[in-house]
Amino acid sequence: PLKSVEVELEVRDHVATVVSTLTYENKEDKPLEAVFVFPLPGDAAVCHFSAKIGQTEIVADVKEKQKAREEYDDALSSGQQAFLLEESEQSPDIFSLSVGSLPPGESASIRLEYVTELTVQADDGLRFCLPAVLNPRYQPQASLPSSLVPYSLAFCAQVSSPRPVSKIESNCSLDPPQYLNTEQTQATIKLAAGHKFDRDVELLIYYKDAHQPTAVVETGQASAKPTLMGDPVVMLSLYPEFPQAVMSSVASCGEFVFLLDRSGSMDARLNNSKNAQTRIGSARDTLLLLLKSLPMGCYFNIYSFGSRFEHIFKSVEYSQTTMETALKKVGEMGANLGGTEILEPLKHIYSQPCIHNQPRQLFVFTDGEVGNTKQVIDVVKKNSHTHCFSFGIGEGASSALINGLAKEGGGHAQFITGTDRLQPKQVMQSLRYALQPAVIDISVTWDLPKDVSVTVLSPPITALFQGQRSLLYAQLTGQISEAAEGCVTVKYSLAGQPSQNQFTFSLKPAEDTLTVHRLAAQTLIRSLEMEDRESREKQDESVKKKVVELSVQSG
């Protein structure tokens, strides 16, 4: 059994480093091989892992998967202590940890560190979430009732940013924030004593002037050769502002396709509180709100799925009559369609002919309990001309699936966990994004001092929404002087008008942790993985080799 969890969170501007220490104890009278499965944010990159058993400390190395498994098996069979931590094959937000054999009466303490980007909410708060339970992923099994959580949680956070922190909120009770300086650009926060770890711990951090672009430049590791880890890396948070004239003539056309999860798990409550709504109830309310808010003259359709899928119409024009028919049908939908088979309805939607001059926008509502996340995201990526807006319904919804759908589908992700005064605001924000004129021909140009060159590590930006953040990572090489400045220009075409936004920033490296480097490496690995699936069809191993090298370098 797990005895205690200690979590230290460090937030710098938009990124977080999380250090968790987990303590276990073998109370049996024989040695045990323990395997522990735990959730992580889907876009987190694990960058340190160590274990202490009795007086022995083991620090893990990153190795190619097959090689690591063989070494683990060899160690166990020769009676040695060994650990193996790996990402689930099915979904990148589940890690499993094999703790080798733990002698009777012995305790093990495991330290795990990961880095992650924080998502921006509809009210400009940055959201950090520490998952408490792992939802069963559509392999029927019971989850642990909260009254049985036998371990304690200690949690503290440190926040620093170039801009003042205006407030920090949480779904759990917090001690009041302690500000470390008069400008309020640094603060620490702790969970109030006696917290029962029976729900996700959610932290919302608000900065003043949230929509100002920022740049964080981080120096490399002195010891690393000229590689990604050795050079300075810059992380830009860009917020495009569109010309007012264009935004006021906002389009009222489009084909809106809604896809609602009606699998059995949608009958569960949104969270652990007694009076929480069911997930299907919340998804229905969200869908009804969207249906009532569509512009006259657009087209729409509603699909729902479980083990099979059904749809209400072939896409029809939106009018008082068709809206009322749809509201009535949605009102009757229950979580009674069995399993979570999301792939088939997606393929069916994409196979339908498009309606002339009505760009298709897809809205997906699911608690995300699917086993084939990567396949689903691949299909969305192949059809990214249809923008995909995703809603994760309920606590513990798979962030890998929900964020992946939005990212590859050039849309926007929202999480609805029920305690949310934000809900109508979130829903309307996604609809506003879907209705804004399409932004095309997006390009980013860099203007740097003549002896500095840049390698962009992020994939090209495929979607821009008014005021929504885009994060870009880039590696800098060459001689950077103290006073050097860089400038980035984002050019795009909006409703047929060429537009651009410019941002000038200092190249002077400020940070020396490797958080930004690791997130940059992870961004690059994610793009290479997409390439790898294409190159594997051609039996080309070079991309895989690059991914393994980069992973090992950046730990």
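Fair warning: this is a prediction, and the values are worked out from it, not measured in the lab. (Residues numbered from 1 in each chain as written. Predicted model: local features only at pLDDT ≥ 70, side-chain atom pairs only at ≥ 80, totals over all residues. Heavy atoms only, no water.)

Q: I keep staring at the sheet that holds strand E12 (residues 165-170) and nothing clicks. Help me out?
A: Strand pairing in a sheet is mediated by backbone hydrogen bonds. Such pairs are either parallel or antiparallel. Strand order in the open sheet formed by four strands is E9-E10-E15-E12, and the pairing between neighbours is antiparallel. Single-partner strands in this sheet number two, and they are strand E9 (119-120) and E12. Bridge count for strand E10 (residues 126-130) against strand E15 (residues 201-207) is five bridges, and the pairing is antiparallel. By the bridge assignment, Arg 127 is partnered in E15 with Leu 204. (Pairing = 2+ DSSP bridges. Helix = DSSP H or I, 4+ residues; strand = E, 2+ residues; numbered from the N terminus.)

Q: Explain the packing of helix H3 (residues 279-293) against helix H8 (residues 423-435) here, please?
A: Geometrically, a packed helix pair is captured by the angle between its two axes and the distance between the axes. Direction vectors running N to C along H3 and H8 enclose 50°, while the axes themselves pass 10 Å from each other. Taken together, the axis directions place H3 and H8 in an arrangement best described as oblique. Where H3 crosses over H8, the handedness of that crossing is right-handed. In contact with Ser 282, Thr 286, Leu 289, Leu 290 and Ser 293 of H3, H8 contributes Gln 423, Pro 424, Val 427, Met 428 and Leu 431. Looking at the contact of H3 with H8, its residues break down into six nonpolar, four polar and no charged. (Axes fitted to C-alpha atoms, helices over the stretch in contact; angles between N-to-C directions. Parallel < 35°, antiparallel > 145°, perpendicular 65-115°, else oblique. Left-handed = near helix turned anticlockwise from the far one by under 90°. Contact = heavy atoms within 4.5 Å. Nonpolar A, V, L, I, M, F, W, Y, C, P; charged D, E, K, R; others polar.)

Q: What is the right way to look at the domain arrangement of the protein chain in this model?
A: Interface size is commonly expressed as the accessible surface area that is lost when the partners come together. Domain boundaries in the protein chain define domain 1 (2-207), domain 2 (214-239 + 439-554) and domain 3 (252-431). For domain 2 versus domain 3, the distance between C-alpha centres works out to 32 Å. Listed per partner, the contact involves six residues of domain 2 and ten residues of domain 3. With both chains or domains summed, domain 2 and domain 3 bury close to 620 Å², and 57% of this area falls on carbon and sulfur atoms. Our count for the contact surface shared by domain 2 and domain 3 stands at zero salt bridges. On inspection of domain 2 and its partner domain 3, the count reaches one residue pair in polar contact (both at pLDDT 80 or more). When its residues are assigned to classes, the side of domain 2 that touches domain 3 shows three nonpolar, two polar and one charged. (Domains from an automatic or database assignment. Buried area = accessible area lost by both parts, 1.4 Å probe. Salt bridge = Lys/Arg side-chain N within 4 Å of Asp/Glu carboxyl O. Polar contact = N/O pair within 3.5 Å; in protein donor to acceptor, adjacent residues only side chain to side chain.)

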